[in-house]
Amino acid sequence: MSARTYRGSRPYKYKRPVDSDLIELLLFFILPFIVVNSIIFFLATTKPKYELVVKGTNDYRTTEITFTIKSFMPLKEVTVKMDSEPVNLTKVGNKTYSATIDHNGSLEIYMKNFNNMALLDYEYIDILDNEAPIIEDYSFEDGILAFTITDTQSGVDFSSIIAHTPSGEDCLPLSVDTETGRISFQMDPSQRFTVSAKDMSGNEFLTTFSLNDHPEDGEAEGGIESGGDGGEGSSDGAGSGENGAESPASV
């Protein structure tokens, strides 16, 4: 009698139906609670956003800024100031404004959302040339006045360098080295000598040189003094202005 093989059937697994009350609790209570509270938290804590672009400058005297509001929420207040003075903004697009800046300084940006969340930022502009050239390292020897002139922004306008005598005579430099900035003039030691120099932005530096003799033990020790004014104006020997110079150089 042949053997028979019986294959047993797999045991039946009972699948418990998902509790409909749990699904209802998740869909209609827990998830809405999370979503609503997340939205409330987002609306209550979102701060204003902006984008500021400072464009380059062609003349070192002015530059243009573009201010764009990136917030999608209504704003209660927006102010842009330059050194505590309001900036005159012109609307050029949707939430985009532009303004022309004519000096270096600090931009103060204040924004306030309808939810009272505020932002206060500072942006600094330092690409403009508001400073006159600087004259330094001056000397006098054998009737020749020499000095070095520098300007770190727009550069020295070497063609503008000229001197004036008390009698009103204009004197051009004897030599101009544009690589080193070294300038020389023929100078009468008995007269005062006013030198004018500008940078490529038109900022002028005026300084007056005078040769002072101090007799001692029958001999004269010479000294050259320079009084400079970093602004557009002359100086009569007393250094004034941000770029003023008042220091003797022995000869």
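It should be emphasised that the depicted structure is a prediction, and the values quoted were computed from it without experimental measurement.

Conventions and cut-offs
- Residues numbered from 1 in each chain as written.
- Predicted model: local features only at pLDDT ≥ 70, side-chain atom pairs only at ≥ 80, totals over all residues.
- Heavy atoms only, no water.
- Patch = residues over 30% accessible without salt bridge, like charges linked within 9 Å, V, L, I, M, F, W, Y side chains within 5 Å.
- Areas by Shrake-Rupley, 256 points an atom, 1.4 Å probe, with all protein chains shown as cover.
- Salt bridge = Lys/Arg side-chain N within 4 Å of Asp/Glu carboxyl O.
- Helix = DSSP H or I, 4+ residues; strand = E, 2+ residues; numbered from the N terminus.
- 1 Å grid on protein atoms, 1.4 Å probe; cavity = no way out; pocket = protein on both sides within 12 Å on 5 of 7 lines; lining within 4 Å.
- Points joined across faces, edges and corners; volume = space filled by probe spheres on them.
- Nonpolar A, V, L, I, M, F, W, Y, C, P; charged D, E, K, R; others polar.
- Pairing = 2+ DSSP bridges.
- Axes fitted to C-alpha atoms, helices over the stretch in contact; angles between N-to-C directions.
- Buried < 20%, exposed > 50% of the residue type's maximum accessible area, 1.4 Å probe, protein only.
- Contact = heavy atoms within 4.5 Å.
- Phe/Tyr/Trp six-rings, centres within 6.5 Å; stacked < 30°, edge-to-face > 60°.
- pLDDT = per-residue confidence, 0-100.

Visitor: I keep staring at a nonpolar patch on the surface and nothing clicks. Help me out?
Guide: A contiguous nonpolar patch, built from L22, I23, L25, L26, L27, F28, F29, I30, L31, F33 and I34 and spanning about 1100 Å² of accessible area, is present on the exposed surface. Structurally, L22 is set in helix α1 (residues 20-45).

Visitor: Would you take a moment to explain the layout of surface pockets for this structure?
Guide: To find the voids left in a structure, one rolls a probe of water-molecule size over its atoms. Here the largest pocket defines a volume of roughly 160 Å³. Considering the residues around the largest pocket, the lining is formed by 13 residues, among which D129, E131, A132, T152 and Q153 are closest to the centre. Class assignment for the residues of the lining of the largest pocket results in four nonpolar, six polar and three charged.

Visitor: I keep staring at the sheet that holds strand β14 (residues 182-186) and nothing clicks. Help me out?
Guide: Note: strands within a sheet are paired through backbone hydrogen bonds, in either parallel or antiparallel orientation. The four strands are arranged β9-β10-β14-β13 in an open sheet whose pairing can be described as antiparallel. For this open sheet the edge positions go to β9 (134-141) and β13 (175-177), each flanked by a neighbour on one side alone. In this sheet, neighbouring strand axes are inclined to one another by 15° on average, regardless of whether the strands run parallel or antiparallel. Two strands pair when backbone bridges link them, and β13 and β14 are joined in this way by three bridges, in the antiparallel orientation.

Visitor: Could you clarify how one ought to interpret the sheet that holds strand β5 (residues 90-93) in this entry?
Guide: As summarised here, the arrangement of the four strands in space is β1-β2-β6-β5, forming an open sheet in which the pairing is antiparallel. Edge positions in the sheet fall to β1 (50-54) and β5, since each of these pairs with one other strand and no more. The sheet shows a mean angle of 30° between the axes of neighbouring strands, direction not considered. In terms of strand pairing, β1 meets strand β2 (residues 63-69) through five bridges, oriented antiparallel. Bridge pairing in β2 links Y50 to I69.

Visitor: Explain the environment of M73 to me, please; I cannot follow it from the model alone.
Guide: Position of M73 among the secondary structure elements: in the loop between β2 and β3 (75-82). A relative accessible area of 6% means that M73 is categorised as buried. Spatially, the C-alpha atoms of M73 and L43 are 8.6 Å apart, while their sequence positions differ by 30 residues. If we ignore the near neighbours within four places in the chain, the residues touching M73 are F42, L43, T46, N113, F114 and N115.

Visitor: What's the story with the pattern of salt bridges in this structure? I'm lost.
Guide: Working definition: two side chains of opposite charge can pair if their charged atoms are close together. By the definition in use, this model includes two salt bridges. The partner of K55 in a salt bridge is E64, and the shortest N-O contact between them spans 3.7 Å. The class of K55 is partly exposed, set by a relative accessible area of 39%. By relative accessible area, which is 32% here, E64 ends up partly exposed.

Visitor: Got a minute to help me understand the packing of aromatic side chains in this structure?
Guide: Two aromatic rings are characterised by how far apart their centres lie and by the angle between their planes. Here the structure, examined in full by the defined rule, presents five aromatic pairs. Ring centres 5.8 Å apart and planes at 15° place the aromatic pair F147 and F209 in the stacked group. Of this pair, F147 sits in strand β10 (residues 144-150) while F209 sits in strand β16 (residues 204-216); the two residues are 62 residues apart in sequence, bridging distant segments of the chain. Each member of the pair, F147 as well as F209, is classed as buried. Judged by centre distance (5.6 Å) and plane angle (70°), the ring pair of F185 and F193 falls under edge-to-face. Take F185: its relative accessible area is 0%, and that puts it in the buried class. By relative accessible area, which is 3% here, F193 ends up buried. Taken together, the aromatic side chains of Y138, F147, F185, F193 and F209 make up a single cluster linked through ring pairs.

Visitor: Sorry if this is basic, but what is going on with the environment of E64 here?
Guide: If you trace the backbone, E64 turns up in strand β2. Residues contacting E64, with those up to four places away along its chain left out, are V53, V54, K55, S98 and A99.

Visitor: Please clarify how the confidence of the model for the chain should be interpreted in this entry.
Guide: When pLDDT is low, close inspection of the predicted coordinates is not appropriate. This prediction gives the chain a mean pLDDT of 80; 76% of its residues lie at or above 70. In the predicted structure, residues 213-223 sits below a pLDDT of 50 and forms 16 contacts with residues beyond four places in sequence or in another chain. Throughout residues 231-251 the model reports pLDDT below 50, and contacts reaching past four residues in sequence, or to other chains, amount to 56 contacts.

Visitor: Looking at this structure, I do not really get the pairing of strand β15 (residues 193-199). What am I missing?
Guide: Taken residue by residue, a regular strand's side chains alternate between the two faces of the sheet. Counted residue by residue, β15 has six buried out of seven residues, so it is predominantly covered. In this structure, strand β11 (residues 156-164) lies alongside β15, joined through five bridges in antiparallel fashion. Bridge pairing links V156 to D199 in β15.

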